[in-house]
Amino acid sequence: GAHATAAPAVKAAFGQPITEAELASWNIDIRTTDGAGLPDGSGTIAQGQAVYDGKCASCHGAKAEGGPMFGTMVGGIGSFTTERRLLTPGSMYPFAPVLFDYVRRAMPLTQPQSLSNDEVYAVTGYILHLNGLLPADAVVNAAALKALKMPNRDGFMVDDRPDTKAVRCMKECKALR
Amino acid sequence: GAHATAAPAVKAAFGQPITEAELASWNIDIRTTDGAGLPDGSGTIAQGQAVYDGKCASCHGAKAEGGPMFGTMVGGIGSFTTERRLLTPGSMYPFAPVLFDYVRRAMPLTQPQSLSNDEVYAVTGYILHLNGLLPADAVVNAAALKALKMPNRDGFMVDDRPDTKAVRCMKECKALR
Amino acid sequence: AAGLAGLAAAGQARAALPVPESNLRPGTPIPENEYGMPSKFEAHVKRRRTDVLVNKQNFSDWSFTPVHQQHGIVTPNGLIYERHHNGVPEIDPEQHRFAIHGMVRQPLVFTMSDLMRYPSVSRFYFMECSGNGLTDWLKPAAKTVQQTHGLLSCTQWTGVPLSVLLDEAGVDPKATWGLAEGADGSAHARSLPIKKLMDDALLVYATGGEMLRAENGYPLRLFIPGWEGNVSIKWLRRLKMGDQPWHLRSETARYTDPMPNGKWRQFSFAMEAKSVITSPSGSMKVQRGPVEIIGFAWSGLGKIRAVDVTVDGGRTWRKAELEEPVLDKCLTRFRLRWNWDGSPAKIASRAVDSTGYVQPTVEDIQKVRAITGFVQHHNGIFPWAINTAGEVSNAIA
Amino acid sequence: AAGLAGLAAAGQARAALPVPESNLRPGTPIPENEYGMPSKFEAHVKRRRTDVLVNKQNFSDWSFTPVHQQHGIVTPNGLIYERHHNGVPEIDPEQHRFAIHGMVRQPLVFTMSDLMRYPSVSRFYFMECSGNGLTDWLKPAAKTVQQTHGLLSCTQWTGVPLSVLLDEAGVDPKATWGLAEGADGSAHARSLPIKKLMDDALLVYATGGEMLRAENGYPLRLFIPGWEGNVSIKWLRRLKMGDQPWHLRSETARYTDPMPNGKWRQFSFAMEAKSVITSPSGSMKVQRGPVEIIGFAWSGLGKIRAVDVTVDGGRTWRKAELEEPVLDKCLTRFRLRWNWDGSPAKIASRAVDSTGYVQPTVEDIQKVRAITGFVQHHNGIFPWAINTAGEVSNAIA
Ligand code: HEC
Ligand code: HEC
Ligand SMILES: [Ca+2]
Ligand SMILES: [Ca+2]
Ligand SMILES: [Ca+2]
Ligand SMILES: [Ca+2]
Ligand SMILES: [Ca+2]
Ligand SMILES: [Ca+2]
Ligand SMILES: [Co+2]
Ligand SMILES: [Co+2]
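Each chain carries its own residue numbering, running from 1 in the written order of its sequence. Here chains are named by letter from A upward and ligands by number from 1 upward, in the order in which they appear as written. Under the rules for a predicted model, residues below a pLDDT of 70 receive no local features and side-chain atom pairs below 80 are neither given nor counted, while totals for whole chains, interfaces and linings still include all residues. For side-chain calculations, the full set of non-hydrogen atoms in the structure is used, while hydrogens and water are omitted.

A.B. asks: Where do I start with the overall build of chain C in this structure?
C.D. replies: Starting at the N terminus, helices and strands are each numbered in turn, a helix being any DSSP run of H or I of at least four residues and a strand any DSSP run of E of at least two. Each helix and strand in chain C was counted, giving six helices and 25 strands. It is over C-alpha atoms that the radius of gyration is taken, and the globule rule equals 2.2 Å times the number of residues to the power 0.38. In terms of overall size, chain C behaves like a compact globule, its C-alpha atoms giving a radius of gyration of 23 Å where 397 residues would be expected to give roughly 21 Å. In terms of its C-alpha atoms, chain C occupies a principal-axis envelope of roughly 80 × 60 × 40 Å. Residue burial is assigned from relative accessible area. The probe radius is 1.4 Å, only protein chains are included, and a residue is buried under 20% of its type maximum, exposed over 50%, and partly exposed in between. Taken across its 397 residues, chain C has 70% of its residues classed as buried. Here the analysis covers contacts within chain C between residues at least 6 apart in sequence; of these, 71% occur between residues at least 24 apart. Surface summary for chain C: the accessible area is close to 11,900 Å², and the carbon and sulfur share equals 53%. Across chain C, 45 positive and 39 negative side-chain charges occur, with their mean positions spaced 5 Å apart. Whether two residues are in contact is decided by their heavy atoms, any of which lying within 4.5 Å being enough. Here the open area of atoms and residues is found with the Shrake-Rupley method and a 1.4 Å probe, where only the protein chains shown may cover a residue. Note on charges: Lys and Arg go in the positive column, Asp and Glu in the negative column, and His and the chain ends are not counted at all. Positions of charges follow a simple convention, taking NZ of Lys, CZ of Arg, CG of Asp or CD of Glu.

A.B. asks: How do you make sense of the site of ligand 1 when you look at a structure like this?
C.D. replies: The criterion for a residue being near a molecule or strand is simple. One of its heavy atoms has to lie within 4 Å of it. Taken together, the neighbourhood of ligand 1 is formed by 24 residues, with C56, C59, H60 and M107 of chain A together with S60 of chain D sitting nearest. In this structure, ligand 1 sits where chains A and D come together, each supplying nearby residues. Whenever two N or O atoms come within 3.5 Å, that pair is a polar contact, provided that in protein one can donate a hydrogen and the other can accept it, and provided that, for residues adjacent in sequence, both atoms are side-chain atoms. Between ligand 1 and Y93 of chain A there is a distance of 2.5 Å, counted from an oxygen atom to a side-chain nitrogen or oxygen. R249 of chain D is positioned such that a nitrogen or oxygen atom in its side chain is 2.5 Å from an oxygen atom of ligand 1. Broken down by secondary-structure element, the contributors of at least two residues to the shell around ligand 1 are α2 (57–60), α4 (97–106) and α5 (117–130) of chain A. Broken down by element, the residue count for the shell around ligand 1 peaks at three residues, all from α4 of chain A. Each residue gets one of three labels, nonpolar for Ala, Val, Leu, Ile, Met, Phe, Trp, Tyr, Cys and Pro, charged for Asp, Glu, Lys and Arg, and polar for the others, Gly among them. Of the residues assigned to the shell around ligand 1, the class counts are 16 nonpolar, five polar and three charged.

A.B. asks: Sorry if this is basic, but what is going on with the coordination of the calcium ion (ligand 6) here?
C.D. replies: Of the protein atoms, only Q16 of chain B (NE2) and D114 of chain C (OD) coordinate the calcium ion (ligand 6), at distances of 2.2 to 2.9 Å. Taken as a pair, Q16 of chain B in strand β1 (residues 16–17) and D114 of chain C in helix α2 (residues 112–116) lie in two separate chains rather than in one. Comparing Q16 of chain B with D114 of chain C shows no difference in burial state: the two are buried. Nitrogen, oxygen and sulfur within 2.8 Å of a metal are treated as its donors, or within 3.2 Å for sodium, potassium and calcium (Na, K, Ca); water is not counted, so a site can appear incomplete.

A.B. asks: I'm lost on the domain arrangement of chain C in this one. Help?
C.D. replies: It is common to give the size of an interface as the accessible area that goes away when the parts come together. All names here are of chain C. All domain edges in this entry derive from an automatic or database-based domain assignment. When its domains are assigned, chain C resolves into domain 1 (97–264) and domain 2 (274–394). On a C-alpha basis, the centroid separation for the pair domain 1 and domain 2 is 28 Å. At the junction of the two partners, domain 1 supplies 34 residues and domain 2 supplies 31 residues. Buried area: the sum, over both parts, of the accessible surface (1.4 Å probe) that disappears when the two are put together. Buried area between domain 1 and domain 2, summed over both chains or domains, comes out near 2,900 Å², and the portion from carbon and sulfur atoms is 66%. Ranking the residues of domain 1 by area buried against domain 2 places W137, H149 and P258 at the top, with a combined share of 25%. Each reported salt bridge corresponds to a side-chain nitrogen of Lys or Arg within 4 Å of a carboxyl oxygen of Asp or Glu. Here domain 1 is connected to domain 2 by one salt bridge. When the shortest N-O distance is used, the salt bridge between E128 and K274 registers 2.7 Å. Between the two partners, domain 1 and domain 2, sit eleven residue pairs in polar contact (both at pLDDT 80 or more). Secondary structure elements with two or more residues in the side of domain 1 that touches domain 2: β7 (121–128), α3 (145–149), β8 (152–161) and β15 (257–258). For the side of domain 1 that touches domain 2, the per-class residue count stands at 17 nonpolar, nine polar and eight charged.

A.B. asks: How do you make sense of the site of ligand 2 when you look at a structure like this?
C.D. replies: Around ligand 2, a shell composed of 23 residues is seen, among which C56, C59, H60, Y93 and M107 of chain B lie nearest. With respect to ligand 2, the side chain of Y93 of chain B contributes an N or O atom lying 2.4 Å from an oxygen atom. In this structure, an oxygen atom belonging to ligand 2 sits 2.5 Å away from a side-chain N or O atom of R249 of chain C. Breaking the shell around ligand 2 down by element, the ones donating at least two residues are α2 (57–60), α4 (97–106) and α5 (117–130) of chain B. Of the residues assigned to the shell around ligand 2, the class counts are 16 nonpolar, five polar and two charged.

A.B. asks: Just checking my understanding: could you explain the sheet that holds strand β2 (residues 47–49) of chain C for this structure?
C.D. replies: When DSSP finds at least two bridges between two strands, those strands are taken to pair. Taken in spatial order, the four strands line up as β4(C)-β3(C)-β2(C)-β1(D) in an open sheet, and their pairing is antiparallel. Two strands close off the open sheet at either side, each with one partner strand: β4 (82–84) of chain C together with β1 (33–34) of chain D.

A.B. asks: Any chance you could explain the environment of K56 of chain C here in plain terms?
C.D. replies: Tracing the sequence through the fold places K56 of chain C in the loop between β2 and β3 (61–64). For K56 of chain C, a relative accessible area of 48% translates into the label partly exposed. Polar side-chain contacts of K56 of chain C include one of 2.8 Å to the backbone oxygen of G67 of chain B.

A.B. asks: Is there a simple way to explain the sheet that holds β15 of chain C in this structure?
C.D. replies: Strands in a sheet are paired, the pairing made by backbone hydrogen bonds, and the direction either parallel or antiparallel. Read across the open sheet, the three strands follow the order β4(B)-β16(C)-β15(C); overall the sheet is mixed. Taken across any chain shown, the strands that pair with only one partner, and hence form the sheet edges, are β4 (156–158) of chain B together with β15 of chain C.

A.B. asks: For this particular structure, what's the right way to read the coordination of the calcium ion (ligand 7)?
C.D. replies: Put simply, a metal with four donors set out as a tetrahedron has ideal angles of 109.5 degrees, and one with six donors set out as an octahedron has ideal angles of 90 or 180 degrees. Each protein donor to the calcium ion (ligand 7) is listed here as N58 of chain D (ND2) and D61 of chain D (OD); together their distances run 2.4 Å. Since its relative accessible area comes to 1%, D61 of chain D is described here as buried.

A.B. asks: I would appreciate a short explanation of the packing of helix α1 (residues 45–55) of chain B against α5 of chain B in the present structure.
C.D. replies: Helix-helix packing is characterised by the crossing angle of the two axes and by the distance between the axes. Residues and elements named next belong to chain B. Geometry is summarised by axes, namely lines fitted to C-alpha atoms with helices restricted to the contacting stretch, and by angles between N-to-C directions that run from 0 to 180 degrees. At a minimum axis separation of 7 Å, α1 and α5 run at an interaxial angle of 95 degrees. Relative to α5, the element α1 lies roughly perpendicular. Two secondary-structure elements touch here, α1 through I45, Q47, G48, Q49, V51, Y52 and K55 and α5 through E119, A122, V123, G125, Y126 and H129. Should an angle fall under 35 degrees it is taken as roughly parallel, and over 145 as roughly antiparallel, whereas 65 to 115 is taken as roughly perpendicular and any remaining angle as oblique.

A.B. asks: Hey, could you run me through α5 of chain A in this one?
C.D. replies: Working note: α-helix, 3.6 residues per turn, so residues spaced by three or four point in the same direction. To estimate how far a helix should extend, the number of its residues minus one is multiplied by 1.5 Å. For α5 of chain A, with 14 residues, the first-to-last C-alpha span of 20 Å sits near the 20 Å given by 1.5 Å per residue. If you check which residues of α5 of chain A are buried, you get V120, Y121, A122, V123, T124, G125, Y126, I127 and L128 of chain A.

A.B. asks: Help me out: how do you make sense of the relation of the copies chain C and chain D in this one?
C.D. replies: The relation between the two copies of this chain is a rotation about an axis and a shift parallel to it. In superposing the copies, a least-squares fit is computed on C-alpha atoms, taking residues whose pLDDT is at least 70 in both. Once chain C is rotated about the relating axis by 180 degrees and shifted along it by 0.0 Å, it coincides with chain D to within an RMSD of 0.0 Å. Viewed as a symmetry operation, the transformation between the two copies matches a two-fold axis. When C-alpha distances to the rotation axis are compared across chain C, the minimum falls at P76 of chain C, with a value of 3.8 Å. Residue by residue, 100% of the interface of chain C is reproduced at the interface of chain D, so both copies engage with the same surface.

A.B. asks: Help me understand the interface of chain C and chain D, please; the structure alone is not making it clear to me.
C.D. replies: Taken together, the 96 residues of chain C in the interface contact 96 residues of chain D. Summed over both sides, the interface between chain C and chain D buries roughly 8,000 Å², with carbon and sulfur atoms accounting for 54% of that surface. Linking chain C with chain D are six salt bridges. Between R49 of chain C and E32 of chain D there is a salt bridge whose closest N-O contact spans 3.2 Å. Between the two partners, chain C and chain D, sit 46 residue pairs in polar contact (both at pLDDT 80 or more). Tallying contributions element by element places helix α1 (residues 2–10) of chain C first for the side of chain C that touches chain D, with four residues.

A.B. asks: What am I meant to see in the state of the cysteines here?
C.D. replies: Simply put, the disulfide is a covalent bond whose two ends are the sulfur atoms of two cysteines. Residues and elements named next belong to chain A. By convention in this document, the label disulfide applies to cysteine sulfur atom pairs within 2.5 Å. For the structure shown, the criterion picks out two disulfides over all chains. Here C169 connects covalently by a disulfide to C173, the sulfurs 2.1 Å from one another. Sign of the S-S torsion, about -95 degrees for the bond between C169 and C173, identifies this disulfide as left-handed.

A.B. asks: Can you help me understand unusual backbone geometry in this one?
C.D. replies: Negative phi values dominate among residues other than glycine, just as trans dominates among peptide bonds. Residues R161 of chain A and P162 of chain A are joined by a peptide bond in cis, for which omega reads 5 degrees. Note that the residue after Y218 of chain D, namely P219 of chain D, is joined by a cis bond; omega there is 5 degrees. Mapping P219 of chain D onto the fold places it in the loop between β12 (210–211) and β13 (221–223). Even without being a glycine, E172 of chain B presents a positive backbone phi close to 50 degrees. What makes E172 of chain B exposed here is its relative accessible area of 79%. In this model, K329 of chain C sits at a positive phi of 55 degrees, which is unusual for a non-glycine residue. Following the sequence through the fold, K329 of chain C ends up in the loop between β21 (321–322) and β22 (332–340).

Listed below in structure tokens is the structure:
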């Protein structure tokens with residue numbers, strides 16, 4: 001018909017401005033490729049073992065070899081080209097800061113975000129040590145995690161699907177397996 | 001594409017044959033215009049009053065003038081051309097068998113389909129009597145209900161919508177009331 | 001939390017955001033098996049009985065869908081409006097039977113598993129009670145749109161086209177009407193013309209993805225697209241074919257529409273095109289600035305072609321946006337962005353359907369029908385008033 | 001009642017039908033206000049946890065939609081599948097905040113009422129977990145289609161296009177990715193390319209007509225149409241813009257797909273075209289004669305263009321009927337009428353989408369990907385076997 005359909009432009013701006021400083025407690029992500037976002041602080045492997053024994057072992061087992069709530073967190077390096085791939089922080093994480101980020105945001109399961117940054121550095125270091133990726137006397141901090149080259153660093157490829165080229169056969173097709 | 005889309009005709013006949021005799025207990029409807037389906041049986045106004053007092057008065061009031069569960073069932077004849085239309089079986093039902101059909105299928109509310117046909121004839125007659133449509137000595141049966149001309153016999157018209165012809169005014173229209 | 005409340009109230013963001021409590025502890029674990037329910041914070045979203053017309057009992061009664069709290073076009077199964085005439089029966093599907101008889105070559109009876117073996121169809125349709133709007137014609141009675149327009153729901157209906165089963169029974173060529181009857185305590189029954197029964201009537205066993213709820217007809221109901229809800233007989237036990245309508249109480253003394261000169265319109269089945277603004281609507285409060293006007297439009301006779309909205313009491317109208325998919329005999333969402341400047345306003349919507357029919361004003365309707373007592377099929381344009389405080393109220397006058 | 005049972009069993013109708021008990025007494029009256037629930041006779045229709053892969057705990061866990069018991073395309077809100085990484089949080093919508101920050105001109109924070117003032121859209125989309133089919137590639141593991149394909153639901157999603165809010169914050173022209181993060185005990189987070197965020201991503205607060213259920217993200221979640229469910233971050237608290245992905249655990253050690261030579265495919269977001277027969281399906285029993293084969297087809301990259309069905313293990317295929325409406329990135333129902341003669345059969349379906357993509361066989365997939373451990377994105381053709389007794393079972397081999 002001859003009727004106008006356009007509504008007058010009405011700007012809807014209901015959001016409130018906020019500063020990054022005000023968002024600081026939420027801003028916990030780490031860009032794991034270069035460690036951007038890693039906080040100040042540090043820990044030792046021994047401190048990490050103490051944190052682990054006190055707050056993690058009950059679910060993950062004494063030496064992170066698996067417990068009542070989760071399987072092993074050690075080993076598996078080199079397993080991806082075998083029959084059974086074993087996924088652990090050691091074998092799977094491409095960058096060490098992945099472990100810092102995940103432990104800080106999600107562990108311990110019962111009290112996420114309860115560890116201090118020093119504790120997270122320490123326990124991250126301990127798990128890496130159990131995986132043979134850091135020596136027992138390592139000092140664990142932002143620089144150390146950035147510097148560490150993880151075994152699965154180059155284990156990923158970008159999505160390149162569609163990767164199948166099925167055809168729509170209707171008659172005298174190959175039977176399904 | 002070149003693909004056949006038609007499925008072979010497959011006859012789906014999952015219903016079981018049944019006879020009208022086997023359906024007799026379900027087959028309670030009455031074609032109220034001519035009373036087709038009215039069963040054998042009969043009652044008197046006095047019997048109807050007894051049924052009513054025992055099984056209906058608690059909800060509909062002593063003389064069907066309204067009770068705790070429903071408004072009046074008497075009166076209203078002639079009210080449809082006044083300000084306030086009063087709808088009762090007397091004023092509204094176009095055919096007397098409507099009352100038989102409804103009472104049998106739905107009343108008493110607490111025990112539908114519990115009355116005998118004789119009881120339904122009797123209480124139907126009693127309500128019609130309270131509405132001045134049957135004398136106190138009437139015998140109520142299929143023939144009597146068929147014969148009775150109800151006041152609202154010609155009160156209905158068939159649907160003739162659309163009955164409005166609104167136009168889609170967009171500008172300088174008459175304001176809404 | 002006090003800081004956050006202050007933030008929202010003052011429209012300022014000076015307090016640092018604390019980490020949400022929910023980030024700091026585990027939530028509820030997944031139970032072995034479960035049927036989910038709404039959040040406890042949504043407990044106010046309910047079906048409600050009428051708060052205007054006080055019924056003497058709750059057996060022959062109805063409850064309204066909270067249409068103002070509905071998002072999108074699908075009514076959640078727990079909120080589909082209900083109307084029944086002697087309570088909600090509890091029927092064991094294993095025991096339930098549906099019969100077709102009367103003027104057919106071979107009367108047939110079906111179990112639920114028989115019926116579920118037939119090819120089914122699933123279609124989106126609205127359902128509306130002929131009494132929707134009953135209390136609000138000449139002066140405001142109900143406060144919310146749930147009470148004025150909540151005898152209205154929309155979902156996807158799954159079942160068997162009735163025509164398939166009628167063909168199987170072999171309808172007598174002389175048959176012109178059928179009587180559908182329920183297995184409830186009122187044995188609610190309605191006569192329906194065979195044309196509609198053969199056209200798009202469905203024997204429905206599921207809505208909104210799952211088997212019918214008890215109050216909506218479990219395990220089997222009729223569904224008659226676009227027609228008044230009460231002909232879609234719930235708890236359906238039989239369909240009897242005949243050559244004329246039955247004229248039962250439910251189609252003479254009830255569900256007939258008052259007309260001039262003391263007359264009544266009978267077998268007025270179709271729900272004509274209608275619309276209503278659901279937000280802002282009665283009892284809501286509007287803030288100055290951009291306001292999203294949204295509502296529903298629907299027609300029992302086709303698709304919605306257009307919806308117009310007025311914010312000046314009907315003097316000027318603007319075409320609203322319709323949201324896809326726009327389906328036949330289905331709720332359609334319309335929306336219009338408006339800038340409220342704080343002065344009193346009267347807002348309303350007007351639907352146009354694919355037959356060209358334009359939703360009338362109450363005045364238009366009053367010219368041709370009687371508005372008294374048990375009014376039915378109120379599809380008039382429905383206005384809401386907004387005062388300078390932004391309070392929205394029923395503006396029927 | 002004994003007579004009726006006999007009637008059904010013997011396929012005979014010699015016993016007169018007794019009046020249903022439900023006709024003989026009132027049902028339940030309408031309560032003051034109410035949220036309805038399924039019939040007690042449908043109590044077996046539930047979400048269920050895995051019965052194959054026994055998880056050590058139920059906090060980082062998932063439950064399956066009973067897709068074989070779903071009618072039509074809309075999953076009831078109580079049955080939408082769920083996956084969460086540290087339980088279901090209970091979040092007060094008044095306290096909830098959503099922030100946009102990082103590479104934007106002006107970081108912004110929103111309350112729920114702020115968000116609900118924006119123009120909303122409601123769209124039908126499926127949602128599927130990338131792990132749907134996890135256990136069934138090389139040998140049968142799960143028994144029912146709920147267990148093989150139930151990490152799949154479909155509903156109408158209502159919310160605000162994310163692009164509207166991103167425009168308001170003013171995205172830095174150099175920003176290319178965003179990180180979405182939840183307010184749950186795992187602070188689950190995923191990196192997403194800005195192209196998709198600006199294209200059709202929604203900030204969702206309602207599904208299937210009502211506010212989100214807690215387990216599906218109440219009061220706010222992201223919804224990314226057509227992509228693996230775990231990127232549609234639930235309980236969304238923030239979106240941070242950046243110029244590269246974050247490579248968190250959830251996008252490196254998890255939700256990546258095993259590939260040949262020990263590699264992993266990363267950022268594999270789209271759910272490619274897929275279909276499955278939901279009836280007859282595992283654990284059902286088929287009767288000789290006409291059988292209605294029905295199922296779902298869907299594609300995260302467009303509309304379903306066609307579905308083919310085989311009943312002879314893949315040697316010949318017939319085009320199935322598709323039920324309208326066929327919508328973009330939405331479940332589509334297909335059906336094919338088949339006459340089962342009682343001999344063993346192997347049935348399966350194959351979807352074709354609007355990009356021309358044809359659903360592959362497991363063999364096709366095996367040629368290009370590794371099938372080991374945590375397999376993802378299993379969209380292979382899925383066969384069911386029917387034995388001479390009519391029993392249906394998982395025929396993956
Ligand atoms: C109450 C049980 C519990 C406690 C205590 C706990 N975790 Fe966990 N942890 C889990 C569960 C369950 C998962 C798997 C979560 C998932 O995959 O969504 C997990 C996963 C992890 C992972 C990821 C492993 C991988 O292969 O990617 C790491 C790392 C981890 N936990 C470290 C820790 C540390 C460090 C602590 C103590 C500071 C800790 N956890 C305490 C239960 C627990
Ligand atoms: C427990 C309450 C109750 C009892 C007992 C009861 N009724 Fe009713 N009756 C009702 C209600 C409630 C309605 C309205 C039903 C409706 O409109 O759906 C009604 C409606 C009626 C109507 C329709 C009136 C009209 O205007 O169309 C008739 C006739 C009727 N009852 C007759 C009877 C008779 C005869 C009996 C006894 C044999 C009876 N009732 C017993 C509650 C009761
Ligand atoms: Ca490729
Ligand atoms: Ca006319
Ligand atoms: Ca009431
Ligand atoms: Ca049978
Ligand atoms: Ca589990
Ligand atoms: Ca605000
Ligand atoms: Co009508
Ligand atoms: Co993926």
